[in-house]
Amino acid sequence: MGFLHLFIVNKSGGLIFQRPLGTSAPTINTNDWLRIGSTFHSLHAIAAEASPVKLPGNKNSAGADDGIEEIEGGGVILKCLQTRTGIKFVLTAEPGTANLDSALREIYVLYAEFALKDPFYELEMPIRCELFTSAVDGLIERLESGGVKSR
């Protein structure tokens, strides 16, 4: 059981960050990552529009706007956290991996702490911040070793 990949998609469907998180994560080339990011963005948008159910905590009075939150299938779990600004944080993991929700929330906090406060980072552009990358690696190591302590 463990985390496989993290990818972050901007509100336009562009891949802005991707990282393998474990040794069992399959190797995926850059072009495939770009396809995965834009395809997930499209499926997320379709799911948000097609859902007839208003989800709890949804601020959109017209109906569901949350899209895909979790997909479980053949040996993998995909979990998504969409922010109110439209950025999607997506984790893939092996079945039985604990703390997916808290990991996504903590990665979002790390994004706000390190990427957004980087004076050279421009919104909607690829994240090239070493502090963010190393903080994500540290978080994943802590979660996989069993430490669930909050920041």
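First, a word on what this report is: a plain description of the structure on this page. (Residues numbered from 1 in each chain as written. Predicted model: local features only at pLDDT ≥ 70, side-chain atom pairs only at ≥ 80, totals over all residues. Heavy atoms only, no water.)

## Let's talk about the overall build of the protein
Part 1 of the argument: Looking only at helices and strands, the protein features three helices and five strands.
Part 2 of the argument: For the protein, the N- to C-terminal ordering of α and β elements is β-β-α-β-β-β-α-α.
Part 3 of the argument: Residues counted as buried form 40% of the 151 residues belonging to the protein.
Part 4 of the argument: Sequence-distant contacts in the protein: of pairs separated by 6 or more residues, those separated by 24 or more amount to 48%.
Part 5 of the argument: Accessible surface, the protein: about 8600 Å² in total, of which carbon and sulfur atoms supply 55%. (Helix = DSSP H or I, 4+ residues; strand = E, 2+ residues; numbered from the N terminus. Buried < 20%, exposed > 50% of the residue type's maximum accessible area, 1.4 Å probe, protein only. Contact = heavy atoms within 4.5 Å. Areas by Shrake-Rupley, 256 points an atom, 1.4 Å probe, with all protein chains shown as cover.)

## Concerning the layout of surface pockets
Gaps left between atoms show up when a probe the size of a water molecule is rolled over them.
Part 1 of the argument: Put simply, the second largest pocket is a space of about 260 Å³.
Part 2 of the argument: In this structure, the second largest pocket is lined by Leu15, Ile16, Phe17, Gln18, Thr30, Leu34, Pro126, Ile127, Arg128, Cys129, Glu130 and Thr133.
Part 3 of the argument: Elements with a contribution of two residues or more to the lining of the second largest pocket: β2 (15-20), α1 (30-50) and α3 (130-144).
Part 4 of the argument: The leading source of residues in the lining of the second largest pocket is β2, at four residues. (1 Å grid on protein atoms, 1.4 Å probe; cavity = no way out; pocket = protein on both sides within 12 Å on 5 of 7 lines; lining within 4 Å. Points joined across faces, edges and corners; volume = space filled by probe spheres on them.)

## Re the nonpolar core
Part 1 of the argument: If you look at the biggest cluster of nonpolar residues, it comprises 27 residues, and the most contacted ones within it are Phe3, Leu6, Ile8, Leu91, Tyr111, Ile127 and Phe132.
Part 2 of the argument: Where this core is concerned, the elements lending two or more residues are β1 (3-9), β2, β5 (88-93), α2 (100-115) and α3.
Part 3 of the argument: With seven residues, the top contributor of residues to this core is α2.
Part 4 of the argument: When neighbours within four sequence positions are excluded, Leu6 is seen to be in contact with Phe17, Gln18, Arg19, Leu21, Val90, Leu91, Ile107 and Val136.
Part 5 of the argument: Grouped together as the second largest cluster of nonpolar side chains are nine residues, Phe40, Ile68, Cys80 and Val90 included. (Core = buried A, V, L, I, M, F, W, Y, C linked by side-chain atoms within 4.5 Å.)

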